[in-house]
Amino acid sequence: MAKLIVGIGTKNRAKVAAIQHIVDQYLQDVEYIQVAAASNVSEQPFSNEETRQGAINRAINTLEEVKADLNFGLEGGVHEIGNEMYCTNWGAAALKDGTVISAAGAQFLLPEEIANELRAGKELGPVMDAYTKQQDTRLGAGAVGVFTAGLVDRTEMFEHIVKLIIGQYLFMHRK
């Protein structure tokens, strides 16, 4: 039986770890290929729709570049409900037959001081680096790790989304 080729449309280690951890649990004989796929949306997506589209675009762009059997795109963004801003995360997988599977994950409230920076046009990653006085927060704990007192990190948050996608994939391919 041939290896299942899985394209990963990011070099971000938190996202890569999420994909590999979940895929390895549910699929066998997998080979991974990583590329830095474009999202073709704003650097800071500002709605569920834009964040979802970024994930789909990354998955499709990964498929076009890698031509893998299963091609992942993950995207983080924010959206507002009333006067409150939430962090939102979406994932998608593009299959060779043109099918796109998508799913969203947990959302959490951002403190007003962070939300105001984003409303002023800044991107969450650099804002979090300044807030935490660290570099590359997005590659590790992420905003979710900071604002959940370390109970959930960025990899874990994306694992849930990848699990939803893999579950849909397995459902579609059941025999």
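None of these values were measured; they are calculated from a predicted model.

1. Here's the deal with the pairing of strand β5 (residues 100-104)
Then step 1. Burial of β5 is one-sided: the residues Ile101 and Ala103 facing one way are buried, the residues Val100, Ser102 and Ala104 facing the other way are not.
Then step 2. Both strand β4 (residues 84-95) and β5 contribute to a ladder of five bridges, which runs antiparallel. Each residue of the ladder has a partner; that of tryptophan 90, found in β5, is alanine 104.
Then step 3. Here β4 folds back onto β5, and the loop between the two strands holds four residues, one of which, glycine 98, carries a positive phi near 95 degrees.

2. Observations concerning the packing of aromatic side chains
Then step 1. On inspection of all chains with the given rule, the structure shows one aromatic pair.
Then step 2. For arginine 174, the ring lying beneath its charged end belongs to phenylalanine 171, and the centroid distance is 3.9 Å.

3. A closer look at the nonpolar core
Then step 1. Grouped together as the largest cluster of nonpolar side chains are 37 residues, with contacts concentrated most on Leu70, Phe72 and Leu110.
Then step 2. The dominant element in this core, judged by the number of residues it contributes, is helix α6 (residues 154-172), at seven residues.
Then step 3. Grouped together as the second largest cluster of nonpolar side chains are seven residues, Ala55, Ile56, Ala92 and Ala94 included.

4. Digging into the pattern of salt bridges
Then step 1. Evaluation of the coordinates by the stated rule reveals six salt bridges.
Then step 2. In this structure, lysine 96 and aspartate 69 form a salt bridge, with 3.6 Å as the shortest nitrogen-oxygen distance. Here aspartate 69 lies in the loop between α2 (48-66) and β3 (70-81) and lysine 96 lies in the loop between β4 and β5, a separation of 27 residues in the sequence.

5. Let's talk about the packing of helix α3 (residues 112-119) against helix α4 (residues 124-132)
Then step 1. Look at α3 against α4: their axes get within 10 Å of each other, and the N-to-C directions meet at 140 degrees. Here α3 lies oblique to α4, going by the angle between them. Once α3 is placed against α4, the crossing between them reads as right-handed. Contact residues: α3 offers Glu113, Ile114, Glu117 and Leu118, while α4 offers Leu124, Val127, Met128 and Tyr131.
Then step 2. Residues that form the contact of α3 with α4 fall into these classes: six nonpolar, no polar and two charged.

6. Observations concerning helix α1 (residues 13-26)
Then step 1. The terminal C-alpha atoms of α1, which comprises 14 residues, lie 20 Å apart, in line with the 20 Å expected from a rise of 1.5 Å per residue.
Then step 2. Looking at the buried positions of α1, the neighbouring elements they touch are β1 (4-8), β2 (30-34), β3 and α6.
Then step 3. Where α1 begins, one side-chain oxygen reaches toward the backbone nitrogen of alanine 14, 2.9 Å away; that side chain belongs to asparagine 12.

7. Digging into α6
Then step 1. With 19 residues, α6 ought to run about 27 Å at 1.5 Å a step, and its terminal C-alpha atoms sit 28 Å apart, in line with that.
Then step 2. Turning to α6, its buried residues are Arg154, Thr155, Met157, Phe158, Glu159, Ile161, Val162, Ile165, Ile166 and Tyr169.
Then step 3. The N-cap of α6, judged by a side-chain oxygen 3.2 Å from the amide nitrogen of threonine 155 a few residues on, is aspartate 153.

Criteria and thresholds
Residues numbered from 1 in each chain as written. Predicted model: local features only at pLDDT ≥ 70, side-chain atom pairs only at ≥ 80, totals over all residues. Heavy atoms only, no water. Buried < 20%, exposed > 50% of the residue type's maximum accessible area, 1.4 Å probe, protein only. Helix = DSSP H or I, 4+ residues; strand = E, 2+ residues; numbered from the N terminus. Pairing = 2+ DSSP bridges. Phe/Tyr/Trp six-rings, centres within 6.5 Å; stacked < 30°, edge-to-face > 60°. Lys NZ or Arg CZ within 6 Å of the ring centre and 35° of its normal. Core = buried A, V, L, I, M, F, W, Y, C linked by side-chain atoms within 4.5 Å. Salt bridge = Lys/Arg side-chain N within 4 Å of Asp/Glu carboxyl O. Axes fitted to C-alpha atoms, helices over the stretch in contact; angles between N-to-C directions. Parallel < 35°, antiparallel > 145°, perpendicular 65-115°, else oblique. Left-handed = near helix turned anticlockwise from the far one by under 90°. Contact = heavy atoms within 4.5 Å. Nonpolar A, V, L, I, M, F, W, Y, C, P; charged D, E, K, R; others polar. Expected span 1.5 Å × (residues − 1). Polar contact = N/O pair within 3.5 Å; in protein donor to acceptor, adjacent residues only side chain to side chain.

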